[in-house]
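Inside the fold
Chain by chain, the residues:
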Amino acid sequence: MTSIPGYKQIPVKTWFLIFEGILPDSSELQSVQLELWKNPDAGEYLELYREVGNIWGWTGRLLKSREDLVEILNSESNEVWLFKFESQIAGFFELVRTSNETEIVYLGLKPEWIGKGLGQKLIQAAILKAGQNHEKVWLHTCERDHASALAAYQKAGFKIEKETVSLEYYPE
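Rules used in this analysis
- Residues numbered from 1 in each chain as written.
- Predicted model: local features only at pLDDT ≥ 70, side-chain atom pairs only at ≥ 80, totals over all residues.
- Heavy atoms only, no water.
- Salt bridge = Lys/Arg side-chain N within 4 Å of Asp/Glu carboxyl O.
- Helix = DSSP H or I, 4+ residues; strand = E, 2+ residues; numbered from the N terminus.
- Buried < 20%, exposed > 50% of the residue type's maximum accessible area, 1.4 Å probe, protein only.
- Contact = heavy atoms within 4.5 Å.
- Pairing = 2+ DSSP bridges.
- Core = buried A, V, L, I, M, F, W, Y, C linked by side-chain atoms within 4.5 Å.
- Axes fitted to C-alpha atoms, helices over the stretch in contact; angles between N-to-C directions.
- Polar contact = N/O pair within 3.5 Å; in protein donor to acceptor, adjacent residues only side chain to side chain.
- Phe/Tyr/Trp six-rings, centres within 6.5 Å; stacked < 30°, edge-to-face > 60°.

This brings us to the pattern of salt bridges. Under the defined criterion, the tally for this structure stands at six salt bridges. Two residues, Lys13 and Glu163, come together in a salt bridge whose shortest N-O distance is 3.9 Å. Of the two residues, Lys13 sits in strand β1 (residues 7–19) while Glu163 sits in strand β7 (residues 158–171), which places them 150 residues apart along the sequence. With a relative accessible area of 29%, Lys13 lands in the partly exposed category. Between Lys136 and Glu101 there is a salt bridge; the shortest N-O distance is 3.7 Å. Note that Lys136 is positioned in strand β6 (residues 136–142) and Glu101 in strand β5 (residues 101–109), a separation of 35 residues in sequence.

This brings us to the side chain of Arg61. Tracing the chain through its elements places Arg61 in the loop between α1 (42–53) and α2 (66–73). Those residues in contact with Arg61 that sit more than four places away from it in its chain are Tyr45, Leu46, Tyr49, Leu69, Ile72, Asn78, Glu94, Val105 and Tyr106.

Before going further, it helps to examine the pairing of strand β3 (residues 78–85). When you tally the buried positions in β3, you get eight out of eight residues, the bulk of the element. Of the two faces of β3, the one carrying Asn78, Val80, Leu82 and Lys84 and the one carrying Glu79, Trp81, Phe83 and Phe85 are both buried. Of the strand pairs in this sheet, β3 and strand β4 (residues 88–97) are connected by eight bridges, and their pairing is antiparallel. Paired with Asn78 across the two strands is Val96, which belongs to β4. Between β3 and β4, which pair antiparallel and follow one another directly, the connecting turn spans two residues, one of which, Glu86, has a positive phi of 55 degrees.

Turning to the nonpolar core, a few remarks are in order. Core analysis: the largest hydrophobic core is formed by 30 residues, its most contacted members being Phe83, Phe93, Ile104, Leu107, Leu118, Tyr153 and Phe158. Elements that contribute at least two residues to this core include exactly β1, β3, β4, β5, α3 (119–130), β6 and α4 (149–155). The element contributing the most residues to this core is α3, with seven residues. The next biggest cluster of nonpolar side chains, apart from the first, holds 15 residues, and it includes Trp37, Leu69, Leu73 and Leu82.

Here we come to the environment of Val70. Secondary-structure assignment places Val70 in helix α2. Sequence spacing of Val70 and Tyr45 is 25 residues, and the spatial spacing of their C-alpha atoms is 9.9 Å.

Spatially, β2-β3-β4-β5-β6-β1-β7 is the arrangement adopted by the seven strands of the open sheet, whose pairing is mixed. Every other strand in the sheet has two partners, leaving β2 (32–36) and β7 as the edge strands with one partner each. When strand polarity is set aside, the average angle formed by the axes of neighbouring strands in this sheet is 25 degrees. Relative to the sheet, α1 contacts β3, β4 and β5, its axis offset from that of β4 by approximately 105 degrees.

In this section: the side chain of Arg97. Relative to the helices and strands, Arg97 is located in strand β4. Reaching out from Arg97, the side chain makes a polar contact with the side chain of Glu79 at a distance of 2.6 Å. Reaching out from Arg97, the side chain makes a polar contact with the side chain of Thr102 at a distance of 3.2 Å. Non-local contacts of Arg97, meaning those with residues more than four positions away in its chain, are made with Ser77, Glu79, Thr102, Lys129, Ala130, Gln132 and Asn133.

Right, let's talk about the packing of aromatic side chains for a bit. Throughout the structure, instances matching the rule amount to eleven aromatic pairs. Ring plane angle 45 degrees and centroid distance 5.0 Å describe the contact between Trp58 and Tyr106, whose orientation is recorded as tilted. Note that Trp58 is positioned in the loop between α1 and α2 and Tyr106 in strand β5, a separation of 48 residues in sequence. Assessed through its relative accessible area of 11%, Trp58 is described here as buried. With a relative accessible area of 13%, Tyr106 lands in the buried category. An aromatic cluster is defined as three or more aromatic residues linked by ring pairs; in this entry it consists of Tyr45, Tyr49, Trp58, Phe92 and Tyr106.

Below is the structure:
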């Protein structure tokens, strides 16, 4: 296996979930603002990505080359949505669309916004945007995410499709 300086591989349980609920009503999200971040600068994106994901050990975008990350961020199939509350960026979610499904690839709040009742609103916003074409919506979460993540996704209408354990890179 390849080793990456500053990272170690650990076994991680991951759940893959499919949305089987009813799309949320946009009126439920009136207290938040959503802004599509078209072709974000890779450096600015990584700053937000780290701010949201560091406490959960997010590494997927950090381990990409700058060139690969720019290609992903500028892809027609990729959407980065800023989640704002009280005119401040409280978090974001990222979608990848294909011809018949949309994956919620990343979804999270900045640490200072956790515990303020915004988690379900963020999930609902991501579902609303991901499901707007009435295609399959799915995501994955793992045991390293927020302790309430799996239950929160299930409360929002996601059902577990499968569970795996695989070696994943996490900061040492």
